[in-house]
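Chain and residue survey
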Amino acid sequence: MSAPTLTRPSAGDTPAPRAGRTPVMPKPFASALGALSVLAGSVALGTILDGGEWIAPMVQIVGLVWLIGLGCRLLRVPAPVTVLAQAAGIVVTLTAVFTSGGYGGLIPNARAVREAHTLLSGAWDQIVQSTVPAPASPELSFLIAISLGLIALIVDFFVSEVDAPALVALPLLCLYSVPASISEALLPWWAFALPAACYAALVAVGGHPGRRVGLRAGVGVAAAGGLALLLAIGSSVIVADSITDVGTAGRLDRSGQGGGGSNIGLSAFASLHGDLVRGESREVLRVNGLPEADYLRTTALEAWTAGEGFGLVDPDDGAQAAGSPIDVRPLARNPGALPAQVEVQVLSFSDRFVPMYQGTSQVTGLEDDYSYNPELGSIFRDGSTRPENYRLTVGAGEIPQEELRADTVTPTETLTSAEGISELAAAEAQRVTADGATPFDKALLLREWFKDPANGFTYDLQVPVGNSGDLLTDFLTSKQGYCEQYAAAMAVMLRSLDIPARVAIGFTQGTQESSGSWLIDSHDAHAWVEVRFDNAGWVRFDPTPLAEGGSLDGFAASTAPSAESSAPTSAAATDDVPDDIPSNEPRQTRTEVSTVTVADGGQGNTTPFWQPWMTWTLVLLLVLGAALAVPGALRRRRRDRRLAEAVAGGAGAPGAAWSELEDLATDHGLDLDSGVTIRKAANQLARDGKLTEVSRGGLRRIVLAAESSWYSPDGYAPVAPSDAAPVAADGAGSTAPAAGTAGTLTADRPAADLAEDVRRIAVDLEHAAPRGLRDRLLPRSVFRRSNRP
């Protein structure tokens, strides 16, 4: 008869189960290096982006992908389920961080999907129109978070599931190639060195299955890898310099016609939601010869999307070849306007549209490949570009309010479409303008409703997230936002009254210098409302309650309404205070630019940026701590249950004690051979674990007790030391019970000693093969496939 094997036999003669695929064992350090490689590879993106607002969401998503993958593999979840869980984590994080919709702010709903579509569309517009470095807008941050999340998922799959860390080079190379291809200058050395170092460490740790990597080996690999990296970088720079003159030739041009790397453009969308992150101020334009302060506009937004905001219609629809010079039809027809010659000096502006004043009648100095759309009042070309300095013929002057009160409006389907406007917004528009006798009075009353501090509207770079399900309702309820929200809200509310309105984007007047010129910087980007009158044309109304200074409208201030008007005196009186500012005084109205999100400034951001960042960091740390604590907790629970069973002395006590010894051996790197008898396995444990004589005696008791419980007709009985079969110190001990011990062992010995024997053996193993921090946090036996309880 053959000796019993290590594995406890199953009842009957049933065939052994067919071997299945062993679940993938977690590789926490290798997968962590994979995540760090992705983060290090993203460093190069900082060279083509202005601002670090994209970093926090990207770190959150990459970290979450790693944690979910680690947790799923700790639980032995199949690979497809793990990938799906990681993808779900990406979706939930994107919903929570970037949208105001979603069930509970986490699970995406139709509103969150619409917001995501808007963000992606805005990101594409910015990619097409902007120059390098582009402002790190919420739209670009959203796109980067998605891309890095998917790359992190692919890298984690290569490292942990495919066990091929060398393949990580492919997504890292793709990640590096994007900024390398569009940057106008060579990327800094560390943008390549950091991901290369992380990749080398990843291959060193995860690329040699079965090799034990200690401190000495790790230092050796790091030193060799660092030397190779320095040699590679140095040789490539020397060769490139000697052969091609290291430079930017052959790179994709992202600046149009020679634009510098700091050019600024505007987005063609005015959204009802989304926070504005303030970037660094840059001088964009300088205007000479302007007789009085006025807004520079680029284009108008006429396409209303319910629940989102205003976007650009196709400017080619109705456009005509412009040539040079370009004759322009002034948007506002003011017979009293005085012509002036204005020169626009381009400092760092690059956009598809050319900034002009509302009363412009001619433009000279532009190339002849521009087009002109008289309905939008825009001169434009395909693609973003930096124009040369150009000159404008401008009719300066404001339209008297009395003329506008006598004017009429003609509703059209495109300019009065307010489909999907909330009942609250429509009702508020009716209530606020109820005393207005003319379209102008209604527009003036609505403008003043937003600007009057008594009504509670405030300027803020952060837009609170509401829960009504409608962004316009949320804004009118919270009464907090920046120029995009105010302009979009007023325009669609006017449309609900059958008053033709749209949103215009451009720049405020900027700051007047001592020379009389007007300096416009990136913080002066702005959005406002234009109302179309039958005689006067498009007239500007600015509803944004700026905290510093005033704002400019396209009509003259008046101390009192006309006798025929029923507009309340309070509206006219407040109109006289903030807007009637002499043109020779420097203006301090500050605004903010984003290539995708047109924004303005004034009041500071009331919620510091670090608060959400610290919250998410704390959450990630807590999740990481929990993930690291789970394996150890599972191992302690299993040990305590087995020792309690051994103390109880039931029929399963010996099996529980032996199973605990197996796990102890695995935890200390002494994996027992599963294809030998229990006695040979015990001899291996005694030899490799360097057990003391006292522990060897306890091991003999556990072995004989296990054999008795498995094979004796009478089952397990307490074992006396004198009855124990020997276990040889050199591993050559007997493989069968000693004479007279094959049957029931009758000596009276407390069963609780089995648990004490296990504890004593555990102490010896800790001395002979001490566990490191990794093995204490992530016990190997937790990840070992076993049929034992």
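In what follows, the structure referred to is the one given above.
Position numbers for residues start from 1 in each chain and track the written sequence from start to end. Residues qualify for local features only when their pLDDT is at least 70, as the model is predicted, and side-chain atom pairs are given and counted only at 80 or more; totals for whole chains, interfaces and linings, by contrast, use all residues. By convention in this description, side-chain values take in all heavy atoms of the structure and omit both hydrogens and water.

**Some remarks on the environment of Asp673**
Heads up, the rule is: Strands here mean DSSP runs of E at least two residues long; helices mean DSSP runs of H or I at least four residues long; both are numbered from the N terminus.
For Asp673, the location among the structural elements is in the loop between α16 (653–667) and α17 (678–688). Considering only alpha carbons, one finds Asp673 and Leu685, 12 residues apart in sequence, at a separation of 9.9 Å.

**With respect to the pattern of salt bridges**
Put simply, the rule reads: For this analysis, a salt bridge means a side-chain nitrogen from Lys or Arg found within 4 Å of a carboxyl oxygen belonging to Asp or Glu. Three labels apply to residues, based on accessible area from a 1.4 Å probe with only protein chains included: buried if under 20% of the type maximum, exposed if over 50%, partly exposed otherwise in between.
According to the stated counting rule, one finds 27 salt bridges in the structure shown. Residues Arg352 and Asp382 are paired through a salt bridge, measuring 3.8 Å at the closest nitrogen-oxygen approach. Of the two residues, Arg352 is situated in strand β11 (residues 351–353) and Asp382 in strand β15 (residues 378–385); the sequence distance between them amounts to 30 residues. A relative accessible area of 16% means that Arg352 is categorised as buried. Residue Asp382 is classed as exposed on the basis of its relative accessible area of 63%. Two residues, Arg687 and Asp688, come together in a salt bridge whose shortest N-O distance is 3.3 Å.

**Some points on the nonpolar core**
The line we're drawing: Here, nonpolar core refers to any group of buried Ala, Val, Leu, Ile, Met, Phe, Trp, Tyr and Cys residues whose side-chain atoms link them within 4.5 Å. Note on contacts: a residue pair qualifies if any of its non-hydrogen atoms lie within 4.5 Å across the two residues.
Core analysis: the largest hydrophobic core is formed by 45 residues, its most contacted members being Phe450 and Phe541. Residue assignment for this core shows that the elements contributing at least two residues are α10 (423–432), α11 (439–451), α12 (471–478), α13 (483–496), β19 (501–507), β22 (525–533) and β23 (537–541). Per-element accounting of this core gives the leading share, 10 residues, to α13. Once residues lying within four places of it in the same chain are set aside, the contact partners of Phe541 are Phe440, Ala443, Leu444, Arg447, Met490, Trp528, Val529, Val531, Phe533, Asp553 and Phe555. Residues Leu140, Val168, Leu172 and Val782 belong to the second largest nonpolar core, which totals 42 residues.

**Quick look at the side chain of Ser348**
Heads up, the rule is: Contacts described as polar in this section are N or O atom pairs within 3.5 Å, which, within protein, must combine one atom able to donate a hydrogen with one able to accept it, while residues neighboring in sequence count only if both atoms come from side chains.
Within the secondary structure layout, Ser348 lies in the loop between β10 (338–346) and β11. Here Glu283 takes part through its backbone oxygen, which lies 2.4 Å from a polar atom of the side chain of Ser348.

**Regarding α16**
Our working rule: By definition here, a helix of n residues has an expected span of 1.5 Å times n minus one.
In a regular helix each residue adds 1.5 Å, so 15 residues correspond to 21 Å; α16 covers 21 Å between its end C-alpha atoms and thus fits that length. Taking burial as the measure, the 15 residues of α16 include 15 buried ones, the bulk of the element. Of the residues flanking the end of α16, it is Gly669, one or two places downstream, whose phi is positive at about 75 degrees.

**Notes on helix α5 (residues 138–161)**
Along its 24 residues, α5 runs 33 Å from first to last C-alpha, staying within 8% of the 34 Å computed at 1.5 Å per residue. With 17 of its 24 residues buried, α5 lies for the most part within the structure.

**Here we look at the sheet that holds strand β12 (residues 356–357)**
Basically, it comes down to this: Strand pairing follows a simple DSSP-based rule, namely that at least 2 bridges must link the two strands. Whenever a helix is involved, its axis is fitted only over the stretch in contact; in every case the axis is a line through C-alpha atoms, and angles between N-to-C directions fall within 0 to 180 degrees.
Read from one edge to the other, the open sheet built from five strands follows the order β12-β5-β19-β22-β23, with strand pairing classed as antiparallel. Taken across any chain shown, the strands that pair with only one partner, and hence form the sheet edges, are β12 and β23. Looking at chain direction, β19 and β22 are connected through seven bridges and run antiparallel. When the sheet's bridge partners are listed, Arg502 is paired in β22 with Glu530. Relative to β23, α11 is tilted by about 25 degrees, and along the sheet it contacts β22 and β23. Relative to β22, α13 is tilted by about 15 degrees, and along the sheet it contacts β19, β22 and β23.

**Points about the environment of Arg638**
As for its position among the elements, Arg638 is in helix α15 (residues 610–648). Arg638 sits 25 residues away from Asp663 along the chain, and the two C-alpha atoms are 9.8 Å apart. In this view, Arg638 contacts Asp663, Ser781 and Val782; residues no more than four positions away in its chain are not counted.

**Quick look at the packing of aromatic side chains**
Two numbers describe a pair of aromatic rings. These are the distance of the centres and the angle of the planes. To keep things clear, this is the line we draw: We call Phe, Tyr and Trp rings a pair once their centres come within 6.5 Å, taking the six-membered ring for Trp, and we label the pair stacked below 30 degrees between planes, edge-to-face above 60, and tilted otherwise. In this scheme, Lys NZ or Arg CZ marks a charge over a ring once it lies within 6 Å of the ring centre and within 35 degrees of the ring normal.
Evaluated as defined, the whole model comprises 17 aromatic pairs. With a centroid separation of 5.0 Å and an interplanar angle of 55 degrees, the aromatic rings of Tyr295 and Trp528 are classed as tilted. Here Tyr295 is found in the loop between β4 (283–288) and β5 (296–301), whereas its partner Trp528 is found in strand β22, with 233 residues between them in sequence. Side by side, Tyr295 and Trp528 carry an identical accessibility label, which is buried. Among the aromatic residues, those joined into a cluster by ring pairs are Trp449, Phe450, Phe457, Phe475 and Tyr486. When the ring centre of Phe457 is taken as origin, the NZ or CZ atom of Lys479, which lies over that ring, is 5.3 Å away.

**A word on unusual backbone geometry**
Here the phi dihedral of Lys479 falls at roughly 55 degrees; this positive angle occurs in a residue that is not glycine. Turning to its location among the elements, Lys479 is positioned in the loop between α12 and β18 (480–481). Residue classification places Lys479 among the partly exposed positions, given a relative accessible area of 25%.

**Some thoughts on the sheet that holds strand β21 (residues 518–521)**
One open sheet holds the seven strands; their spatial order is β9-β13-β16-β10-β4-β21-β20, and the pairing between them is antiparallel. The open sheet terminates on both sides in strands that have one partner only, identified here as β9 (326–327) and β20 (511–512). Judged from the four bridges that link them, strand β13 (residues 360–364) and strand β16 (residues 390–396) form a sheet pairing that is antiparallel. Looking at the pairing, Thr360 lines up with Val394 of β16.

**What about the packing of α17 against helix α18 (residues 693–711)?**
Threshold: Each angle gets one of four labels, with under 35 degrees taken as roughly parallel, over 145 as roughly antiparallel, 65 to 115 as roughly perpendicular, and the rest as oblique. Left-handed is the label given to a crossing in which the near helix is rotated counterclockwise from the far helix by less than a right angle, and right-handed is the label when the rotation is clockwise. The nonpolar class holds Ala, Val, Leu, Ile, Met, Phe, Trp, Tyr, Cys and Pro. Asp, Glu, Lys and Arg form the charged class, and all remaining residues, Gly among them, are polar.
With their axes 11 Å apart at the nearest point, α17 and α18 run at an angle of 165 degrees to one another. Comparing the axis directions of α17 and α18 gives the class roughly antiparallel. As for the relative orientation of α17 and α18, their crossing is right-handed in sense. Contacts between α17 and α18 involve Ile678, Arg679, Ala682, Leu685 and Ala686 from the former and Arg696, Leu699, Val703, Leu704, Ala706, Glu707 and Trp710 from the latter. Class assignment of the residues belonging to the contact of α17 with α18 gives a composition of nine nonpolar, no polar and three charged.

**Concerning the pairing of β23**
In terms of burial, β23 is largely enclosed, as five of its five residues are buried. As paired strands, β22 and β23 are joined by five bridges and run antiparallel to one another. By the bridge assignment, Phe533 is partnered in β23 with Gly537. Count of turn residues in the β22/β23 antiparallel hairpin: three residues.

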